[in-house]
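# Observations on chain architecture
Single-letter residue listing:
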Amino acid sequence: MTNKIRYFIANWKMYGDLGSLKSIKNVIKFSRLSKSKKFKIIYCPPYTLLSDFVDTLKKSSIETGAQNIHENYDFGAHTGFINSKMLKNLGVKYVIIGHSENRTLGEDHKQINKKILSAIKSKLNVIFCIGETSFQRKNKKTNIILKKQIMNGLKGIGKKCKIIVAYEPVWSIGTGVVPNNLELEKNIKFIKSIISKKFNNYKILYGGSVSPNNIKKLNMIDLLDGYLIGGASQSSKNLLI
Ligand code: PEP
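Here we come to the packing of aromatic side chains. For the structure shown, the criterion picks out six aromatic pairs. With a centroid separation of 5.3 Å and an interplanar angle of 85°, the aromatic rings of Trp-12 and Phe-53 are classed as edge-to-face. With Trp-12 in the loop between β1 (6-11) and α1 (23-33) and Phe-53 in helix α2 (residues 47-57), this residue pair connects regions lying 41 residues apart in the sequence. For the pair shown, Trp-12 and Phe-53 are each scored as buried. Members of the aromatic cluster, connected to one another through ring pairs, are Trp-12, Tyr-43 and Phe-53. One Lys or Arg, Lys-85, reaches over the ring of Tyr-73 and ends 4.5 Å from the middle of that ring.

Applying the stated criterion across every chain, the model contains zero disulfides. Free cysteine: Cys-129, not disulfide-bonded; nearest cysteine sulfur from Cys-44 at 9.2 Å. The class for Cys-129 is buried, based on a relative accessible area of 2%.

Okay, the environment of Asn-180 next. Along the polypeptide, Asn-180 turns up in the loop between β6 (162-167) and α8 (181-198). A polar atom in the side chain of Asn-180 sits 3.1 Å from the backbone nitrogen of Leu-182.

To continue, consider the packing of α1 against α2. Geometry of a packed helix pair, given as the angle between the helix axes and the separation of the axes. Interhelical geometry of α1 versus α2 gives an angle of 30° and a closest axis separation of 11 Å. With respect to each other, α1 and α2 are oriented roughly parallel. The element α1 and its partner α2 pack so that their crossing is right-handed. For the pair formed by α1 and α2, the contact residues are Ile-24, Lys-25 and Ile-28 on the first element and Phe-53, Thr-56 and Leu-57 on the second. For the contact of α1 with α2, the residue count by class is four nonpolar, one polar and one charged.

So, about the site of the ligand. Of all residues adjacent to the ligand, which total 15 residues, the nearest are Lys-13, His-99, Gly-174, Ser-209 and Gly-231. Contact distances for the ligand include 2.7 Å between an oxygen atom and a backbone N or O atom of Gly-174. Between Gly-230 and the ligand, the recorded distance is 2.8 Å, taken from a backbone N or O atom to an oxygen atom. Isolated, the ligand exposes 300 Å² of accessible area, and the fraction of that covered by the protein chains is 96%. Partitioning the shell around the ligand into residue classes produces three nonpolar, nine polar and three charged.

Spatially, β1-β2-β3-β4-β5-β6-β7-β8 is the arrangement adopted by the eight strands of the closed barrel, whose pairing is parallel. The sheet shows a mean angle of 25° between the axes of neighbouring strands, taken without regard to direction. Pairing between strand β7 (residues 201-207) and strand β8 (residues 226-229): two bridges, direction parallel. Its bridge partner being in β8, Tyr-206 is matched across the sheet by Tyr-227. Contacting β2 (39-44) and β3 (63-66), α2 crosses the sheet at an angle of about 165° to β3.

Reading the values: rules and limits
- Residues numbered from 1 in each chain as written.
- Predicted model: local features only at pLDDT ≥ 70, side-chain atom pairs only at ≥ 80, totals over all residues.
- Heavy atoms only, no water.
- Phe/Tyr/Trp six-rings, centres within 6.5 Å; stacked < 30°, edge-to-face > 60°.
- Helix = DSSP H or I, 4+ residues; strand = E, 2+ residues; numbered from the N terminus.
- Buried < 20%, exposed > 50% of the residue type's maximum accessible area, 1.4 Å probe, protein only.
- Lys NZ or Arg CZ within 6 Å of the ring centre and 35° of its normal.
- Disulfide = S-S within 2.5 Å.
- Polar contact = N/O pair within 3.5 Å; in protein donor to acceptor, adjacent residues only side chain to side chain.
- Axes fitted to C-alpha atoms, helices over the stretch in contact; angles between N-to-C directions.
- Parallel < 35°, antiparallel > 145°, perpendicular 65-115°, else oblique.
- Left-handed = near helix turned anticlockwise from the far one by under 90°.
- Contact = heavy atoms within 4.5 Å.
- Nonpolar A, V, L, I, M, F, W, Y, C, P; charged D, E, K, R; others polar.
- Near = heavy atom within 4 Å.
- Areas by Shrake-Rupley, 256 points an atom, 1.4 Å probe, with all protein chains shown as cover.
- Pairing = 2+ DSSP bridges.

In short, shape yes, function no, at least from these values alone.
In structure tokens, the structure reads:
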């Protein structure tokens, strides 16, 4: 295990209400008391809780992120949507873009790229999700898919921008199945080989069924800068793996 700071990003998806704020109190306490400052915690709750999270976390080292944005930077007639400027104005620091659950709903490379450009313009930190499906993996298309997602999603983004890439194999999200370390390391190396040519400042995370059961093994991969955690992040006990 390395000495570097590891990210723990909690993706709460469409879960949580005002009562859930109680559960983050333990995490705040933990981050205050912990002597090792080798972690960075970011909560991405649903939009309805963003303001409360920003407020509750403001005196801690924990930061808040959103789970998506509209692709347009400018305000406009888009019922039900939120843009990067609105999040920035609220005190949100991060945004997840390109999550496979949104790609499945039809979000394409072009929209993802526009969202990333908009987020950067608003000075939000981007958590860019990529990953292959089980079908693509079986057909040995993983590298082709990952490269396509990276090249299209990050088109036109300056070398100096900070990018967090979350490698999330679609077949691993919410299934309890995690790639073995050999496969994961190979894919992370591949992602790094592309990203390192495009950016000076980047992090590469893994996401997909991370839990207290597999974190020790995953931590053995030095190349990893942390985790994007869905299901397990709902419980403060599990997030502090
Ligand atoms: C996710 O959806 O970003 C995710 C990683 O989910 P889970 O941890 O539940 O697989």
